[in-house]
Amino acid sequence: SLPPQQAMADSEPATVPVTGLPASQSNEDAAKPREPVARCLYDRERIMNDMTNTGTVGALVGGFALSIFDRPFSLDSLEFSTGIIIFLSVHLCTFSALSSAIIYRRVNAMSDEDAEKFAVKWAHVMKLPQGVFVMGCLCYLVGVILLGIVNNGGLDAHKSYVVAFSLCGGACCVMIGWMLAFVH
């Protein structure tokens, strides 16, 4: 039996060098062995599209959450918790929109090659807007569920529709979290 690292390396596909020639063409240069070209997962266009989408939806969700602050929140523990979660949603989504805009502006001023180098060097920064956006959306969804419970009598309410809506909202949160985590 092979060690796990070697078995894993043997099962991975080999990197194919990029020649830039169509498969039907052949010349002497294409036949020569070349070093594999490391490709960045994100090119300049894709980075800018991701930042635009994340920033736009982050601003929308943050605005929806902010509109909930038109009502006063009491010091009741459930209602106060709802206000804090909505407050976090507003700020996380706003941070997502602003960080997306800053990265977009920075990448827009770069060449394609520089944008790829930037994405590799600052990979953790590139993930920040979407990660914060996901947290803001989850806070928003949980806050809306809690707000529904508060508006329908709080935890003392024994109405079946409150429980049903809460379960449906929780299922939506789980499904959205699953989709963001596992669907690429």
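This is a predicted model, so every value here is computed, not measured.

Draft legend 1. The arrangement of the overall build of the protein in detail. Counting secondary structure elements, the protein contains seven helices and zero strands. Helices (α) and strands (β) of the protein occur, in sequence order from the N terminus, as α-α-α-α-α-α-α. Residues counted as buried form 27% of the 184 residues belonging to the protein. Considering only residue pairs separated by 6 or more positions, the protein has 71% of its internal contacts joining residues 24 or more positions apart.

Draft legend 2. Representation of helix α6 (residues 123-151). The end-to-end C-alpha separation of α6 is 42 Å, in line with the 42 Å expected for 29 residues at 1.5 Å each. Considering bend angle alone, the principal kink of α6 is centred on Pro129 and spans about 30°. Downstream of α6 by a residue or two, Gly153 has a phi angle that is positive, lying close to 110°.

Draft legend 3. Representation of a nonpolar patch on the surface in the model. Together, Leu66, Phe69, Leu75, Phe80, Ile84, Phe87 and Leu88 make up a nonpolar patch on the protein surface, roughly 680 Å² of accessible area in all. Per-element accounting of the nonpolar patch gives the leading share, four residues, to helix α4 (residues 77-108). Along the chain, Phe80 falls in helix α4.

Draft legend 4. Local environment of the packing of helix α5 (residues 112-121) against α6. Between α5 and α6, the least distance of the axes is 4 Å, while the angle of their chain directions is 85°. Of the possible angle classes, the one that applies to α5 and α6 is roughly perpendicular. Residues Phe118, Ala119, Val120 and Lys121 of α5 form the contact with α6, whose participating residues are Ala123, His124 and Met126.

Draft legend 5. Spatial organisation of a negative patch on the surface. Taken together, the side chains of Asp43, Glu45, Asp112, Glu113 and Asp114 present a region of like negative charge at the surface. By residue number, the principal contributor to the negative patch is α5, which donates three residues. Its place among the elements puts Asp114 in helix α5.

Draft legend 6. Representation of the environment of Ile176 in the model. If you trace the backbone, Ile176 turns up in helix α7 (residues 160-182). A residue is classified by how much of its surface remains accessible, and Ile176, at 34% relative accessible area, is partly exposed. When the C-alpha atoms of Ile176 and Cys137 are compared, they prove to be 9.3 Å apart, with 39 residues separating the residues in sequence.

Draft legend 7. Fine view of the side chain of Thr82. Mapped onto the secondary structure, Thr82 falls in helix α4. Ignoring any residue separated from it by four or fewer positions in sequence, one finds Thr82 in contact with Phe73, Gly143, Leu146, Leu147 and Val150.

Draft legend 8. Representation of the side chain of Ser96. Residue position: Ser96 is located in helix α4. Beyond its immediate sequence surroundings of up to four residues, Ser96 is in contact with Thr54, Pro129, Val132 and Phe133.

The rules behind each value
Here the residue numbers are simple positions, counted from 1 along each chain's written sequence. The predicted nature of this model means local features are confined to residues of pLDDT at least 70 and side-chain atom pairs, given and counted, to a pLDDT of 80 or more, with totals for whole chains, interfaces and linings taken over all residues. With hydrogens and water stripped out, all remaining heavy atoms of the structure feed into the side-chain values. A helix here means a DSSP run of H or I that spans at least four residues, while a strand means a run of E at least two residues long, and both kinds are numbered starting from the N terminus. Relative accessible area decides the class of each residue, using a 1.4 Å probe on protein chains only: under 20% of the type maximum gives buried, over 50% gives exposed, and in between gives partly exposed. Every residue pair with non-hydrogen atoms within 4.5 Å of one another is taken to be in contact. Residue count minus one, scaled by 1.5 Å, sets the expected span of a helix. To obtain the bend at a residue, axes are fitted to the seven residues ending there and to the seven starting there, and the angle between these axes is taken. A patch is a set of surface residues, each over 30% in relative accessible area and not in a salt bridge, joined within 9 Å for like charges and within 5 Å for the nonpolar side chains Val, Leu, Ile, Met, Phe, Trp and Tyr. Note on areas: Shrake-Rupley with a 1.4 Å probe; residue coverage comes only from the protein chains shown. Think of a salt bridge as a Lys or Arg side-chain nitrogen and an Asp or Glu carboxyl oxygen that are within 4 Å of each other. Helix axes are fitted to C-alpha atoms over the stretch in contact, other axes to C-alpha atoms as well, and angles between N-to-C directions run from 0 to 180 degrees. The cut-offs work like this: below 35 degrees is roughly parallel, past 145 is roughly antiparallel, 65 to 115 is roughly perpendicular, and the gaps in between are oblique. This count recognises Lys and Arg as positive and Asp and Glu as negative, with His and chain-terminal groups excluded. Here the site of a charge means atom NZ of a Lys, CZ of an Arg, CG of an Asp or CD of a Glu.

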